[in-house]
Amino acid sequence: MGKFVLKVALSTVAAIFAVLLLVYGFFALFLPAPLASFYENLGNYSGAVRLMKRAYDKSESEEDLKRLAELLCFKEENAELSAEYVTKYCDGESFKKYCKEEKDGQAYYDLMTASSVKSFYIVGKPDDALKKASEYLAYYSSSYPSGSSLRALMFAATDKKDKQTLAKILEKLNSFDLSSFTETEKATIEDDKQNIQIIIG
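The shown structure was predicted, so the numbers you read here are calculated from the model rather than taken from an experiment. (Residues numbered from 1 in each chain as written. Predicted model: local features only at pLDDT ≥ 70, side-chain atom pairs only at ≥ 80, totals over all residues. Heavy atoms only, no water.)

### Comments concerning unusual backbone geometry
Phase 1 of the analysis: One non-glycine residue, Glu60, lies in positive phi territory at about 55 degrees.
Phase 2 of the analysis: Position of Glu60 relative to the elements: it lies in the loop between α3 (45–59) and α4 (62–74).
Phase 3 of the analysis: The backbone of Lys161 sits at a positive phi, close to 55 degrees, despite the residue not being glycine.
Phase 4 of the analysis: Tracing the sequence through the fold places Lys161 in the loop between α9 (149–159) and α10 (163–174). (Helix = DSSP H or I, 4+ residues; strand = E, 2+ residues; numbered from the N terminus.)

### Digging into the confidence of the model for the protein chain
Do not read the fine detail of predicted coordinates wherever pLDDT is low.
Phase 1 of the analysis: When the pLDDT values of the protein chain are averaged, the result is 85; 83% of them are 70 or greater.
Phase 2 of the analysis: By mean pLDDT, helix α1 (residues 2–30) is the weakest element of the protein chain at 43, and helix α5 (residues 79–90) is the strongest at 97.
Phase 3 of the analysis: In this model, residues 13–30 is a region of pLDDT below 50 whose contacts with residues beyond four sequence positions or in other chains number 11 contacts. (pLDDT = per-residue confidence, 0-100. Contact = heavy atoms within 4.5 Å.)

### Let's talk about helix α8 (residues 126–137)
Phase 1 of the analysis: With 12 residues, α8 should cover 16 Å at 1.5 Å per step; its first-to-last C-alpha distance of 16 Å lies within 8% of that length.
Phase 2 of the analysis: Lining the buried residues of α8 we find α5, α7 (105–122), α9 and α10. (Expected span 1.5 Å × (residues − 1).)

### Some details on the pattern of salt bridges
Pairing is possible between side chains that carry opposite charge, provided their charged atoms lie close to one another.
Phase 1 of the analysis: Overall, the coordinates contain 10 salt bridges when judged by the stated rule.
Phase 2 of the analysis: Across the pair Glu40 and Lys75 runs a salt bridge, and its minimum N-O distance is 3.0 Å. You can see Glu40 sitting in helix α2 (residues 32–42) and its partner Lys75 sitting in the loop between α4 and α5, a full 35 residues away along the chain.
Phase 3 of the analysis: Note that Lys53 and Asp57 form a salt bridge whose closest N and O atoms lie 2.9 Å from each other. Taken as a pair, Lys53 and Asp57 lie in helix α3 at a separation of four residues, close to a single helical turn.
Phase 4 of the analysis: Members of the salt-bridge network, linked through shared partners, are Asp91, Lys132 and Glu135. (Salt bridge = Lys/Arg side-chain N within 4 Å of Asp/Glu carboxyl O.)

### Structural notes on the packing of aromatic side chains
By convention here, two paired aromatic rings are described through the distance between centres and the angle between planes.
Phase 1 of the analysis: Counted under the stated rule, the structure contains 11 aromatic pairs.
Phase 2 of the analysis: Each ring, one from Tyr109 and one from Tyr136, has its centre 6.5 Å from the other, and the planes form 90 degrees; the classification is edge-to-face. Residue Tyr109 is located in helix α7, and its partner Tyr136 is located in helix α8; the two are separated by 27 residues in the primary sequence. Like Tyr109, the residue Tyr136 is buried in the burial classification.
Phase 3 of the analysis: What links up through ring pairs into an aromatic cluster is the set Phe74, Tyr89, Phe95, Tyr98, Tyr108, Tyr109, Tyr136 and Tyr139.
Phase 4 of the analysis: Here Lys66 stacks its cationic end above the ring of Tyr98, 4.8 Å away from the centre of that ring. (Phe/Tyr/Trp six-rings, centres within 6.5 Å; stacked < 30°, edge-to-face > 60°. Buried < 20%, exposed > 50% of the residue type's maximum accessible area, 1.4 Å probe, protein only. Lys NZ or Arg CZ within 6 Å of the ring centre and 35° of its normal.)

### Quick notes on the packing of α3 against α4
Phase 1 of the analysis: The contact between α3 and α4 brings their axes to 9 Å, and the two run at 155 degrees. What the angle tells us is that α3 and α4 run roughly antiparallel. The element α3 and its partner α4 pack so that their crossing is left-handed. Of the residues in α4, those touching α3 at Ala48, Val49, Met52, Lys53, Ala55, Tyr56 and Ser59 are Asp64, Leu65, Arg67, Leu68, Leu71 and Leu72. (Axes fitted to C-alpha atoms, helices over the stretch in contact; angles between N-to-C directions. Parallel < 35°, antiparallel > 145°, perpendicular 65-115°, else oblique. Left-handed = near helix turned anticlockwise from the far one by under 90°.)

Structural data, given as structure tokens:
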């Protein structure tokens, strides 16, 4: 009798497990975005990124791309994926529109574009990183915000004592027409130039 009960219990557990696997497989294949939210709430950010990537690759919707980019920027660092998907998000018109309309749009813009630029640098593409940083800086017209992606690249190159990249950043800073910058921005630029010069000699 005891063996029979145990056998029934094990069969029930196996059946429940099989159903759970089927449900998981269904969500993973057909509804990956809701499952990504579940993973995110559990703190499994790598799993959330994997599922949101699947969701975006399937839907190609701007909302799914936004969620994927934000996961990569704020929750789960993955330079290769960020170089592709965060950059794609930052290059879109909806991103620029969002940043202009939201209260904290500039801070959001700086964080997202810095993530894009740093990811290019991390994967060994410093020239692409500098090119994107220059493009992103143009968003501000004539200003030099302290949180800009160009400064993020400068800090990353400084950490690695990357004289070649720093020299190119210095060249970019020297090309600025400072007539339209504020005194604070001018002072920041001069400080950055001096700090770079100390490293590259």
